[in-house]
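Summary of structural features
Residues per chain are reported as follows:
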Amino acid sequence: MKVVLTIAGSDSSGGAGIQADIKTITCCGAYAESAVTALTAQNTTGVKSILESTPQFLADQLDCVFEDIAPDAVKIGMVSSVELIEVIARKLEFYKAKNVVLDPVMVATSGSKLIAGQAVNALKTRLFPLATLITPNIPEAETLTGLTITGKEQMEEAGRKICAEFGVAVLVKGGHSVNDASDLLCVPGKEPKWFAGRRIENPNTHGTGCTLSSALATFLAKGENLEQAVESAKNYISAALNARLNLGKGSGPLMHNFAIAQNAEK
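Treat the numbers as computed from the prediction; the structure is a model and nothing was measured.

Comments concerning empty space enclosed by the protein
Under the criterion given, the structure shown has one cavity of 30 Å³ or more. Put simply, the largest cavity is a space of about 30 Å³. What lines the largest cavity is L185, V187, K190, E191, K193 and E227. For the lining of the largest cavity, the residue count by class is two nonpolar, no polar and four charged.

Pasting the structure below:
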């Protein structure tokens, strides 16, 4: 069985972060392991508080993972400080990690800010060069490029700019677009490719970014190329959204285990 490591923050409500990642990796057919960057007290209405892991404790977690059950892919989510970003970069370099999917988490679905300002530069200089793929949504792509994105033309401009500046493949997610849910994949040396998506009218989108990036890492671990992994991950997240789980008072979580639940009902 292929192994996927998630490096991210914990979500006490279970809809995003480490919890969403583990559910996604498991339901997509791989073995999940984790290194926790922070504990968060949060639910579907917002983030109440954050308790960061110390750099040494995060380093210990990563050593324990790579020295025993080395992952076939790595997903990186919420990392809120320069010190933790530096630890992750050093360990990924030392262990020669492969199939690294970086979700540059900056703001939660609820609108809560999850990363310190100076950490954005550390993400770009230390982790982007180590990534196989980065997966910004539209607000994150705007932060990374300084562009204002109002449609597909600006999405393509942002994708090309990120790809050229950092020499890394980028999937600009269109879920925040007012038109559709199409995503744009830009790979160095190739023409950008659009992946059409059907907008699903479901207000419960807590953890969609975490889920997509974890699914991408899982399908890359299983041997799919970038384009195949994007297709597979989009199909998975669309089905999880379309299951229309309705929990919580705010933007609720996806139904990661839709296939298991459907089988259980038969």
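On we go.
A closer look at the packing of helix α3 (residues 82–95) against helix α4 (residues 117–127)
Two packed helices can be described by the angle between their axes and the distance between those axes. For the pair α3 and α4, the least separation of the axes is 9 Å and the interaxial angle reads 10 degrees. Put simply, α3 runs roughly parallel to α4. Where α3 abuts α4, its residues V82, I85, E86, I88, A89, R90, L92 and E93 lie against Q118, A119, A122, L123, R126 and L127.

Some points on the pairing of strand β2 (residues 31–43)
Consecutive side chains of a regular strand alternate in pointing toward one face of the sheet and then the other. With nine bridges connecting them, strand β1 (residues 3–11) and β2 associate as parallel partners. Each residue of the ladder has a partner; that of S10, found in β2, is L39. Each parallel crossover has a hand, and for β1 linked through helix α1 (residues 17–27) to β2 it is right-handed. In terms of strand pairing, β2 meets strand β3 (residues 46–52) through six bridges, oriented antiparallel. Across the sheet, the residue bridging to N43 is G46, located in β3. Here β2 folds back onto β3 in antiparallel fashion, the turn holding two residues.

Structural notes on the pattern of salt bridges
Applying the stated criterion across every chain yields a total of nine salt bridges. Linking R126 and E93 is a salt bridge whose minimum nitrogen-to-oxygen distance equals 3.2 Å. Separated by 33 residues along the polypeptide, R126 in helix α4 and E93 in helix α3 bring together distant segments of the chain. By relative accessible area, R126 is classed as partly exposed at 22%.

So, the sheet that holds strand β5 (residues 100–102)
Taken in spatial order, the nine strands line up as β3-β2-β1-β4-β5-β6-β7-β8-β9 in an open sheet, and their pairing is mixed. Since the sheet does not close on itself, it has two edges, and those belong to β3 and β9 (193–195), each with one partner. With three bridges connecting them, strand β4 (residues 73–76) and β5 associate as parallel partners. Residue pairing across strands places V74 opposite V100, the latter belonging to β5.

Here's the deal with unusual backbone geometry
Most peptide bonds take the trans configuration, and most residues that are not glycine carry a negative phi. A positive phi angle, near 50 degrees, is found at N99, a position not held by glycine. Its identity is not glycine, yet R244 carries a phi of approximately 60 degrees, on the positive side. Inspection of the secondary structure assignment puts R244 in the loop between α8 (226–242) and α9 (258–265). Since its relative accessible area comes to 43%, R244 is described here as partly exposed.

Some thoughts on the packing of aromatic side chains
Per the counting criterion, the structure on display carries four aromatic pairs. Ring centres 4.8 Å apart and planes at 5 degrees place the aromatic pair F66 and Y95 in the stacked group. Pair noted here: F66 is in helix α2 (residues 55–68) and Y95 is in helix α3, with a separation of 29 residues, a long-range link. Aromatic side chains F128 and F166 sit 4.9 Å apart centroid to centroid with 85 degrees between the ring planes, which places their arrangement in the edge-to-face category. Taken as a pair, F128 in the loop between α4 and β6 (133–134) and F166 in helix α6 (residues 152–166) lie far apart in primary sequence, 38 residues in all. We classify F166 as buried; its relative accessible area is 16%. Members of the aromatic cluster, joined through ring pairs, are F66, F94 and Y95.

Quick look at the side chain of T40
Relative to the helices and strands, T40 resides in strand β2. Within the local environment of T40, its side chain forms a polar contact with the backbone oxygen of S10, the two atoms lying 2.5 Å apart. Here T40 is in contact with S10, D11, S12, S49, I50 and M78, once residues within four sequence places are set aside.

Criteria and cut-off values
- Residues numbered from 1 in each chain as written.
- Predicted model: local features only at pLDDT ≥ 70, side-chain atom pairs only at ≥ 80, totals over all residues.
- Heavy atoms only, no water.
- 1 Å grid on protein atoms, 1.4 Å probe; cavity = no way out; pocket = protein on both sides within 12 Å on 5 of 7 lines; lining within 4 Å.
- Points joined across faces, edges and corners; volume = space filled by probe spheres on them.
- Nonpolar A, V, L, I, M, F, W, Y, C, P; charged D, E, K, R; others polar.
- Axes fitted to C-alpha atoms, helices over the stretch in contact; angles between N-to-C directions.
- Helix = DSSP H or I, 4+ residues; strand = E, 2+ residues; numbered from the N terminus.
- Parallel < 35°, antiparallel > 145°, perpendicular 65-115°, else oblique.
- Contact = heavy atoms within 4.5 Å.
- Pairing = 2+ DSSP bridges.
- Right-handed = clockwise from strand over helix to strand, strands pointing away.
- Salt bridge = Lys/Arg side-chain N within 4 Å of Asp/Glu carboxyl O.
- Buried < 20%, exposed > 50% of the residue type's maximum accessible area, 1.4 Å probe, protein only.
- Phe/Tyr/Trp six-rings, centres within 6.5 Å; stacked < 30°, edge-to-face > 60°.
- Polar contact = N/O pair within 3.5 Å; in protein donor to acceptor, adjacent residues only side chain to side chain.

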